[in-house]
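Structural overview
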Amino acid sequence: MKQLLAGFLVLLFCVSPVRPQKASQPTSQAGIDAASAELVTLTIAWTEAINAKDHAKLEALMAPEFAVYGWSGELWAPRSQWLDNLFNHIKIKENTVREVSPRVYGDFAIVTSVGTWAGASDGHSFDLRTIVVDTWRKTNGQWQVVTRTSCRRRSTSASSCGR
């Protein structure tokens, strides 16, 4: 009887249509879907618009409530101040993103990347290696970036973030 019960339990668990689900893998491992591909393209387009100081493209890509935050959650610059800094105070020497990795959650997405941000602000040079987290929202079929959170990369580890 014990052998019959053991055999039944093995069959139940091995043949059962209810299987454990695998955890969602990052897009780089699991393949990229259309929304993720679009967000990679938009992240690159946003970076190019920043470099070109293309006001029309920036207006289209940035949500009205856009803001930049530090890693600790401190507000560094609301949209108007960020745009004023870009157009009137910053001379860009280099602004790049790489390792762009989107995660889509319906009409919201988180896009992480590693960046280089170098230039001068009001004559003071800066040369930063950064870890970036952008939050995007899809409204009326169009993605716009809502927030950027970043930190200076002090080593190869994200745990070393600081201002």
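The structure under discussion appears in the preceding block.
This report concerns the structure included in the present document. (Residues numbered from 1 in each chain as written. Predicted model: local features only at pLDDT ≥ 70, side-chain atom pairs only at ≥ 80, totals over all residues. Heavy atoms only, no water.)

A look at the environment of A77
The criterion, for reference: Numbering of helices and strands runs from the N terminus, with a helix taken as a DSSP run of H or I at least four residues long and a strand as a DSSP run of E at least two residues long. Between two residues, a contact is recorded if the distance between any of their heavy atoms is within 4.5 Å.
Looking at the element boundaries, A77 is found in strand β2 (residues 75-78). For the pair A77 and R148, spaced 71 residues apart in sequence, the C-alpha separation works out to 9.9 Å. For A77, the residues in contact, after removing those within four places along its chain, are A67, V68 and W82.

Focus: the side chain of T130
Secondary-structure assignment places T130 in strand β5 (residues 124-139). Those residues in contact with T130, other than ones at most four positions away along the chain, are S113, V114, G115, T116, C151, R152 and R153.

A short note on unusual backbone geometry
The following threshold applies: Working definition: with a 1.4 Å probe on protein chains only, accessible area under 20% of the residue-type maximum means buried, over 50% means exposed, and in between means partly exposed.
Of note in this structure, K53 is not a glycine but carries a positive phi near 50 degrees. The backbone of D122 sits at a positive phi, close to 50 degrees, despite the residue not being glycine. Tracing the chain through its elements places D122 in the loop between β4 (108-121) and β5. Using a relative accessible area of 51% as the deciding quantity, one classes D122 as exposed.

Observations concerning helix α5 (residues 79-88)
Note: α-helices contain 3.6 residues per turn, so residues at a spacing of three or four share the same orientation. Our working rule: To obtain the arc, one takes the directions from the helix axis to the C-beta atoms.
Along α5, the residues that are buried comprise R79, W82, L83 and L86. Taken end-on, α5 shows its buried residues confined to a sector of 95 degrees, consistent with a single buried face. In α5, the exposed residues that point more than 90 degrees away from the buried face are S80 and N88.

Considering the pattern of salt bridges
Convention followed: Salt bridge, as used here, is a side-chain nitrogen of Lys or Arg placed within 4 Å of a carboxyl oxygen of Asp or Glu.
This structure, assessed with the given rule, holds four salt bridges. A salt bridge links E65 to R137; the nearest nitrogen and oxygen atoms lie 2.6 Å apart. Residue E65 is located in strand β1 (residues 62-70), and its partner R137 is located in strand β5; the two are separated by 72 residues in the primary sequence. Where R148 meets D134, a salt bridge forms, and the shortest distance between an N and an O atom there is 2.7 Å. Of this pair, R148 sits in strand β6 (residues 142-152) while D134 is found in strand β5, placing the two residues 14 residues apart along the sequence. The class of D134 is buried, set by a relative accessible area of 0%.

Examining the packing of aromatic side chains
The cut-off we apply is this: Classification of ring pairs uses Phe, Tyr and Trp, with its six-membered ring standing for Trp, and accepts pairs whose centres are within 6.5 Å; under 30 degrees between planes counts as stacked, over 60 as edge-to-face, and the remaining range as tilted.
Per the counting criterion, the structure on display carries five aromatic pairs. Taken together, a centroid distance of 6.2 Å and an interplanar angle of 35 degrees make the contact between W46 and W82 tilted. You can see W46 sitting in helix α3 (residues 34-52) and its partner W82 sitting in helix α5, a full 36 residues away along the chain. Pair check on accessibility: W46 and W82 agree, each one buried. Between F66 and W82, the aromatic rings sit 5.6 Å apart at their centres with planes inclined by 70 degrees, giving edge-to-face as the arrangement. Here the residue F66 occupies a position in strand β1, and W82 occupies one in helix α5, the gap between them amounting to 16 residues.

Taken by themselves, the reported measurements are silent on function.
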